Amino acid sequence: MTAPSALPAPHDTPLDLGGRTALVTGAAGGIGRACALRLAAAGAKVRAVDRDAEGLEALAAAAADLGGAVEPLVLDLTDLDAAEAAAAGTDVLVNNAGLQLVRPIEEFPPDVFHTVLTVMLEAPFRLLRGALPHMYGQGWGRVVNISSVHGLRASAYKSAYVAAKHGLEGLSKTTALEGASHGVTSNCVNPGYVRTALVERQIADQALAHGIPEERVVAEVLLQDSALKRLIEPEEVAQAVAYLCGPQASFVTGTSLVLDGGWTAH
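A brief report on the enclosed structure follows. From a predicted model like this one, the values you see are computed outputs, not experimental measurements. (Residues numbered from 1 in each chain as written. Predicted model: local features only at pLDDT ≥ 70, side-chain atom pairs only at ≥ 80, totals over all residues. Heavy atoms only, no water.)

Our next topic: the packing of helix α1 (residues 30–41) against helix α2 (residues 53–65). Packing of α1 against α2 leaves a shortest axis separation of 10 Å and a crossing angle of 30°. If you check the angle between α1 and α2, you find them roughly parallel. For the pair α1 and α2, the sense of crossing is right-handed. Residues Arg33, Ala36 and Leu37 of α1 touch α2, and the partners they reach there are Ala58, Leu59, Ala62 and Ala63. Of the residues in the contact of α1 with α2, the class split is 6 nonpolar, no polar and 1 charged. (Axes fitted to C-alpha atoms, helices over the stretch in contact; angles between N-to-C directions. Helix = DSSP H or I, 4+ residues; strand = E, 2+ residues; numbered from the N terminus. Parallel < 35°, antiparallel > 145°, perpendicular 65-115°, else oblique. Left-handed = near helix turned anticlockwise from the far one by under 90°. Contact = heavy atoms within 4.5 Å. Nonpolar A, V, L, I, M, F, W, Y, C, P; charged D, E, K, R; others polar.)

Below is the structure:
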């Protein structure tokens, strides 16, 4: 009989990131904020990246109240060189930052398409370039890419977002294959619609695109394909991220953890 591997028992192993540095992009609000607080609660020193200086300061204060450590870093991810430099020394990388515009392709502004792809696909690539040498050097690292159900399925009027998320899925899988021999895992978390400011703004855009009142957008557009008729909370997504950073998920890599309320079950 083969001897069992010397892995900790999953039922009694809490997430402990003491001594680790985690970088979370888009950390000032929504999913990013929830992830930063969850990882800080696990003992990580969190490098919180966002353009929103006030939001980052509020995040740092909230983390301090909980006994966690958050280092605010005001950064526009379209500055790709700065993004790569910011990731140096990172043990856990959470690529979360995103933006959205809902328009038909023929009306979609090319400059916005370019910006969405830069922030949501090229910046994660550059952050990986900055983070992986340290991860490889120590033989351990966790990469979690906040994708979306739109990394697996498409919706009309979201060409840039869907293209970026599909690309992020491929980048994550490639990272998993390259990082496996270095103790680095890479996965995506794929939520449906999350209760965030980004989704709140989409409601007005979708109402305009579909020509229906805003009060009908959530039920008839956002959650039309979801079996569970509610928005997912940012804290639920953060718990999925925490799971992928823990010892229980040491054999999970190159995959997508779907939190879509049954959307992709169709």
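Here the narrative resumes, following the displayed structure.
Let's shift gears to the pairing of strand β1 (residues 21–25). Residues in a regular strand project their side chains so that they alternate between the two faces of the sheet. Taking burial as the measure, the 5 residues of β1 include 5 buried ones, the bulk of the element. The two faces of β1 match: Thr21, Leu23 and Thr25 on one face and Ala22 and Val24 on the other face are all buried. In terms of strand pairing, β1 meets strand β2 (residues 45–50) through 5 bridges, oriented parallel. Residue pairing for β2: Val24 is matched across the bridge by Ala48. (Buried < 20%, exposed > 50% of the residue type's maximum accessible area, 1.4 Å probe, protein only. Pairing = 2+ DSSP bridges.)

This part covers α1. Across its 12 residues, α1 extends 17 Å between first and last C-alpha, which sits within 8% of the 16 Å expected from 1.5 Å per residue. For α1, the complete set of buried residues consists of Ile31, Gly32, Ala34, Cys35, Ala36, Leu37, Leu39 and Ala40. Gly43 sits one or two positions beyond α1 and adopts a positive phi of about 105°. (Expected span 1.5 Å × (residues − 1).)

Turning our eyes to something else, we now look at the pattern of salt bridges. Evaluation of the coordinates by the stated rule reveals 8 salt bridges. Where Arg126 meets Asp81, a salt bridge forms, and the shortest distance between an N and an O atom there is 2.4 Å. With Arg126 in helix α4 (residues 110–138) and Asp81 in helix α3 (residues 80–86), this pair connects stretches of sequence that are 45 residues apart. Arg195 serves as the salt-bridge partner of Glu233, at 2.9 Å between the closest nitrogen and oxygen. (Salt bridge = Lys/Arg side-chain N within 4 Å of Asp/Glu carboxyl O.)

What follows is about the environment of Leu168. Along the polypeptide, Leu168 turns up in helix α5 (residues 159–179). On the basis of relative accessibility, which here comes to 2%, the residue Leu168 falls in the buried class. A C-alpha to C-alpha distance of 8.8 Å links Leu168 and Phe125, two positions 43 residues apart in sequence.

With that out of the way, let us pick up the side chain of Asn190. Relative to the assigned elements, Asn190 resides in strand β6 (residues 184–191). Relative accessible area serves as the criterion here: at 0%, Asn190 is assigned to the buried category. Within the structure, the side chain of Asn190 is placed 3.4 Å from the side chain of Ser147, a separation counted as a polar contact. A polar atom in the side chain of Asn190 sits 2.7 Å from the side chain of Glu169. For Asn190, the contacting residues outside a window of four places in its chain are Ser147, Ser148, Val149, Leu152, Glu169, Ser256, Leu257, Val258, Leu259 and Asp260. (Polar contact = N/O pair within 3.5 Å; in protein donor to acceptor, adjacent residues only side chain to side chain.)

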